[in-house]
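Examining the three-dimensional arrangement
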Amino acid sequence: MERQKINIFGPCAAESHDQIITVANALKERNVGIMRASWWKPRSEPVFDAKGKLIEGVGTKAAPWFAEATNMGITVATEVMLPIHVKQVMRGIIKNGGNPEKILLWLGSRNQNQLIQRRVAEVMLDEAPSSVKLMIKNQPWQDRKHWVGIVKHVVGAGFPPERIIMCHRGFALGNEPNPNRLRNLPNWEMAMRVREKTGLPMLIDPSHVGGTRANVWRILKEAAQFPFDGVMLEVHPDPDKATTDAKQQLSITDLDQILQICGK
Ligand code: PEP
Ligand code: MN
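Residues numbered from 1 in each chain as written. Chains lettered and ligands numbered in written order. Predicted model: local features only at pLDDT ≥ 70, side-chain atom pairs only at ≥ 80, totals over all residues. Heavy atoms only, no water.

Some remarks on the coordination of the manganese ion (ligand 2)
Heads up, the rule is: Metal coordination here is assigned from N, O and S atoms located within 2.8 Å of the ion, or within 3.2 Å for Na, K and Ca; omission of water means that sites may look incomplete. Each helix corresponds to a stretch of at least 4 residues labelled H or I by DSSP, and each strand to a stretch of at least 2 residues labelled E; elements are numbered beginning at the N terminus.
Donor atoms from the polypeptide that coordinate the manganese ion (ligand 2) comprise Cys12 (SG), His208 (NE2), Glu234 (OE) and Asp245 (OD), at 2.0 to 2.4 Å from the metal. Mapped onto the polypeptide sequence, the residues donating to the manganese ion (ligand 2) form the spacing pattern C-x195-H-x25-E-x10-D. On the criterion of sequence distance, the pair formed by His208 in helix H7 (residues 206–210) and Glu234 in strand E8 (residues 230–236) is long-range, its members being 26 residues apart.

Next up, the structure:
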């Protein structure tokens, strides 16, 4: 029997209650079990709102929205950049009456401090039930040993490999040809080797590889030729108005077609 895919859809960043619940409903209608949305979103360069406040994501304001989504049966996924984020997500969702079993956390590509990676794993062991998994995205530069090394650090901290999922989000542009102007270049061979070497499920993130809607579709289709175990892909109720990554987010009305390509 074919393995069930691990598919994760949702906005780049959590923005509002309405946005999160709209996406959660669209996923529920289609039997998709996991929704993504980042609580913390520091920008490449500091960006300020009209009141001069640094924009770095809604943070724990998203806790009640996520709690509500867990009670709709959706597993909610967000990036943890610091060990304290693990506590904030777990406790925030519990405090708001949500289901702490239905959470997935991930280490993003820029978070390449091995001590932080280990501490995140340790705090998860203290704070999260065993159903809560940790996804590891690859670092921005091409280096298979470094990528596998993150897994070794996390497992070395006592975190069970059964609770780890991998995700390929492409590598920063080097001197390789890039005729389609992708945001990051996939290395299909390396992703497949890491999948084999670690024995862990490997997802593809066509959004951060693609960078534009046309490229996201292109990568989603190209990835279907490889035995990925699922996709993490950004969808938004109103992509053009998204506060982050507006150019690459697909619409929730695209979900049926996305699912046809990547499989359930
Ligand atoms: C993300 O998935 O929200 C993200 C920021 O991706 P990456 O860490 O791969 O850049
Ligand atoms: Mn994004």
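Next comes the rest of the description.
With respect to the pattern of salt bridges
Under the convention used in this document: Salt bridges are defined by distance alone: a side-chain nitrogen of Lys or Arg within 4 Å of a carboxyl oxygen of Asp or Glu.
Under the counting rule described, the total for this entry stands at 10 salt bridges. Between Arg195 and Asp229 there is a salt bridge, and its shortest N-O distance comes to 2.8 Å. Remark: Asp229 occurs in the loop between helix H8 (213–223) and E8 and Arg195 occurs in helix H6 (residues 188–198); sequence separation between them is 34 residues. If you follow the salt bridges from partner to partner, you end up with Glu29, Arg30 and Asp256 in one network.

Brief notes about unusual backbone geometry
Even without being a glycine, Asn31 presents a positive backbone phi close to 60 degrees. Mapped onto the elements, Asn31 comes out in the loop between helix H1 (17–29) and strand E2 (34–36). The phi dihedral of Asp245 falls on the positive side, at around 50 degrees, and the residue is not glycine. Within the secondary structure, Asp245 sits in the loop between E8 and strand E9 (250–251).

Let's talk about the pairing of strand E4 (residues 103–107)
The criterion, for reference: Using a 1.4 Å probe on the protein chains alone, a residue whose accessible area is under 20% of its type maximum counts as buried, one over 50% counts as exposed, and one in between counts as partly exposed. Two strands pair under a simple rule: DSSP has to find at least two bridges between them. A crossover counts as right-handed when, viewed with the strands pointing away from the observer, the path leading from the first strand over the helix to the second turns clockwise.
Most of E4 is tucked away: 5 of the 5 residues are buried. Of the two faces of E4, the one holding Ile103, Leu105 and Leu107 and the one holding Leu104 and Trp106 are both buried throughout. Two strands pair when backbone bridges link them, and E4 and strand E5 (residues 133–137) are joined in this way by 4 bridges, in the parallel orientation. Each bridged residue has a counterpart across the sheet, and for Leu105 the counterpart in E5 is Leu134. As for the winding sense of the linkage, the β-α-β connection from E4 through helix H4 (residues 114–127) to E5 is right-handed.

Digging into the packing of aromatic side chains
Note the cut-off: Pairing of aromatic side chains here covers Phe, Tyr and the six-membered ring of Trp, requires ring centres within 6.5 Å, and sorts the geometry by plane angle: under 30 degrees stacked, over 60 edge-to-face, intermediate tilted.
Under the defined criterion, the tally for this structure stands at 5 aromatic pairs. Seen in terms of ring centroids, Trp188 and Phe226 are 5.0 Å apart; in terms of plane orientation they differ by 10 degrees. Their pairing is stacked. Taken together, the residues span a long stretch of sequence, with Trp188 in helix H6 and Phe226 in the loop between H8 and E8 at a distance of 38 residues. We classify Phe226 as partly exposed; its relative accessible area is 26%. Judged by centre distance (5.8 Å) and plane angle (70 degrees), the rings of Trp188 and Phe228 are edge-to-face. You can see Trp188 sitting in helix H6 and its partner Phe228 sitting in the loop between H8 and E8, a full 40 residues away along the chain. With a relative accessible area of 12%, Trp188 lands in the buried category.

A closer look at the environment of Ile20
Condition: Contact definition: two residues touch when any of their heavy atoms are within 4.5 Å.
When you line up the elements, Ile20 lands in helix H1. Residues Ile20 and Thr198, 178 residues apart in the sequence, show an inter-C-alpha distance of 33 Å. If near-sequence neighbours (up to four positions away) are discounted, Ile20 is found in contact with Pro11, Ala14, Met35, Ala37, Trp65 and Phe66.

Observations regarding the site of ligand 1
Our working definition: In this text, near means that some heavy atom of the residue lies within 4 Å of the molecule or strand in question. Each polar contact in these results corresponds to two N or O atoms within 3.5 Å; when the atoms are within protein, one needs to be able to donate a hydrogen and the other to accept it, and residues that are neighboring in sequence are counted only if both atoms are side-chain atoms. To be clear on the numbers: accessible area is Shrake-Rupley with a 1.4 Å probe, and residue cover counts the displayed protein chains and nothing else. Residues were grouped as follows: Ala, Val, Leu, Ile, Met, Phe, Trp, Tyr, Cys and Pro as nonpolar; Asp, Glu, Lys and Arg as charged; and all remaining residues, including Gly, as polar.
Near ligand 1 the following residues occur: Arg36, Ser38, Lys41, Glu79, Trp106, Gly108, Ser109, Arg110, Lys137, Arg169, His208 and Met232. A distance of 2.7 Å is found between an oxygen atom of ligand 1 and a side-chain nitrogen or oxygen belonging to Arg36. With respect to ligand 1, the backbone of Ser109 contributes an N or O atom lying 2.9 Å from an oxygen atom. Relative to its unbound accessible surface of 290 Å², ligand 1 loses 96% to contact with the protein. Of the residues assigned to the shell around ligand 1, the class counts are 2 nonpolar, 4 polar and 6 charged.

Some remarks on the nonpolar core
Quick reminder of the rule: For this analysis, a nonpolar core means a set of buried residues of the types Ala, Val, Leu, Ile, Met, Phe, Trp, Tyr and Cys, connected via side-chain atoms within 4.5 Å.
Residues Phe9, Met35, Trp147 and Ile258 are the most contacted members of the largest nonpolar core, which totals 74 residues. The element best represented in this core is H1, accounting for 6 residues. With 11 residues, the next largest nonpolar core counts Ile8, Leu104, Met135 and Ile165 among its residues.

Side note on the pairing of strand E3 (residues 75–79)
By the criterion of burial, E3 is predominantly enclosed, with 5 of the 5 residues buried. Along E3, one buried face is formed by Thr75, Ala77 and Glu79 and the opposite face, lined by Val76 and Thr78, is buried too. Across 3 bridges, E2 lies against E3 in parallel orientation. Bridge pairing in E3 places Arg36 opposite Ala77. On the question of chirality, the crossover connecting E2 to the parallel E3 by way of helix H2 (residues 63–71) is right-handed. Inspection of the sheet shows E3 paired to E4 by 4 bridges, in the parallel sense.

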